[in-house]
Amino acid sequence: YNILKPSNINSTINLLKLASMGSPKILHYLSTLAASIPSNNKETLLENFPQREPSAYILTGGYEQTKWVSECLLAEAHQRGFPVKIYRLGWIGGQSETGI
């Protein structure tokens with residue numbers, strides 16, 4: 001968590017600051033499916049802003065935890081009237097042989 005906090009959480013805070021300078025801008029945020037996996041296996045992936053209770057999710061590592069915190073910050077900004085869109089992507093990686 002501590003290693004990923006600067007790149008995931010602090011960068012989200014800085015993006016919100018930047019997007020709020022001058023006239024408000026819509027913030028399009030690429031996140032991860034890992035931030036929205038519910039702890040109850042009967043539920044499906046969430047398509048809305050995260051709940052504030054972390055126990056509702058499977059947040060097993062620092063990556064998932066920092067992405068969830070970032071999404072919570074964006075949800076709070078959205079509740080205050082800031083235009084935010086979150087896109088949760090699956091696995092993205094390079095070609096298996098070359099990495100390109």
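Here the structure is a predicted model, which means the values were calculated and not measured.

What counts and how
The residue count restarts for each chain, going from 1 along the sequence in the order it is written. With pLDDT at 70 or above as the cut-off, local features in this predicted model cover only qualifying residues; side-chain atom pairs require 80 or more to be listed or tallied, and sums for whole chains, interfaces and linings still use all residues. Side-chain metrics rest on all non-hydrogen atoms present in the structure, leaving aside hydrogens and water. Helix and strand definitions follow DSSP, with helices as H or I runs of at least four residues and strands as E runs of at least two, each counted in order from the N terminus. Think of it in three bands: with a 1.4 Å probe and only protein chains considered, a residue is buried below 20% of the maximum accessible area for its type, exposed above 50%, and partly exposed in between. Here a residue-residue contact requires only that any non-hydrogen atoms of the pair lie within 4.5 Å. Throughout, the Shrake-Rupley method with a 1.4 Å probe supplies accessible areas, and for residues the shown protein chains are the sole cover considered. For this document, the term salt bridge refers to a Lys or Arg side-chain nitrogen within 4 Å of an Asp or Glu carboxyl oxygen. Where helices are involved, their axes are fitted lines through C-alpha atoms of the stretch in contact, as for all axes, and angles between N-to-C directions lie from 0 to 180°. Each angle is binned into one of four classes, with values under 35 degrees roughly parallel, values over 145 roughly antiparallel, values of 65 to 115 roughly perpendicular, and all other values oblique. Helix crossings are classified by the rotation of the near helix relative to the far one: an anticlockwise turn of less than a right angle makes the crossing left-handed, while a clockwise turn makes it right-handed. Side-chain classes are defined by residue name, with Ala, Val, Leu, Ile, Met, Phe, Trp, Tyr, Cys and Pro counting as nonpolar, Asp, Glu, Lys and Arg as charged, and the others, Gly among them, as polar. Patch membership requires more than 30% relative accessible area and the absence of a salt bridge. Residues of like charge join within 9 Å; the nonpolar side chains Val, Leu, Ile, Met, Phe, Trp and Tyr join within 5 Å.

Novice: What should I look at first to understand the overall build of the chain in this one?
Specialist: In terms of regular secondary structure, the chain is built from two helices and two strands. Listed N to C, the secondary structure of the chain is α-β-α-β in terms of helices and strands. The proportion of buried residues among the 100 residues of the chain is 32%. Look at the contacts in the chain between residues 6 or more apart in sequence, and 63% of them connect residues 24 or more apart. Accessible surface, the chain: about 6800 Å² in total, of which carbon and sulfur atoms supply 58%.

Novice: Hey, could you run me through the pattern of salt bridges in this one?
Specialist: Where charged atoms from two side chains of opposite charge come close, those side chains can pair. Taken as a whole, this structure holds two salt bridges when the rule is applied. Two residues, R88 and E71, come together in a salt bridge whose shortest N-O distance is 2.6 Å. Residue R88 is located in strand β2 (residues 84–89), and its partner E71 is located in helix α2 (residues 62–79); the two are separated by 17 residues in the primary sequence. Of the two residues examined, R88 and E71, each falls in the buried class. Between E76 and R80 there is a salt bridge; the shortest N-O distance is 2.7 Å. By relative accessible area, E76 is classed as partly exposed at 28%.

Novice: Hey, could you run me through the packing of helix α1 (residues 5–20) against α2 in this one?
Specialist: Relative placement of two packed helices is described by the angle separating their axes and the distance separating the axes. Packing of α1 against α2 brings their axes to within 8 Å, and their N-to-C directions diverge by 15°. By the criterion of interaxial angle, the relationship of α1 to α2 is roughly parallel. The two elements α1 and α2 meet at a crossing, and its hand is right-handed. In this structure, α1 uses K5, N8, I9, T12, I13 and L16 to contact α2, whose residues at the interface are Y63, T66, K67, V69, S70, L73, L74 and A77. For the contact of α1 with α2, the per-class residue count stands at eight nonpolar, four polar and two charged.

Novice: Explain the environment of I3 to me, please; I cannot follow it from the model alone.
Specialist: Among the secondary structure elements, I3 is positioned in the segment before α1. Separated by 60 residues in the primary sequence, I3 and Y63 place their C-alpha atoms 9.2 Å from one another.

Novice: Just checking my understanding: could you explain the environment of I100 for this structure?
Specialist: By the secondary structure assignment, I100 is in the segment after β2. Those residues in contact with I100, other than ones at most four positions away along the chain, are G94 and Q95.

Novice: When you look at a nonpolar patch on the surface in this model, what are you seeing that I'm missing?
Specialist: Together, L30, Y87, L89 and I92 give the surface a local cluster of nonpolar side chains, amounting to about 400 Å² of exposed area. Among the secondary structure elements, Y87 is positioned in strand β2. Judged by its relative accessible area of 38%, Y87 is partly exposed.

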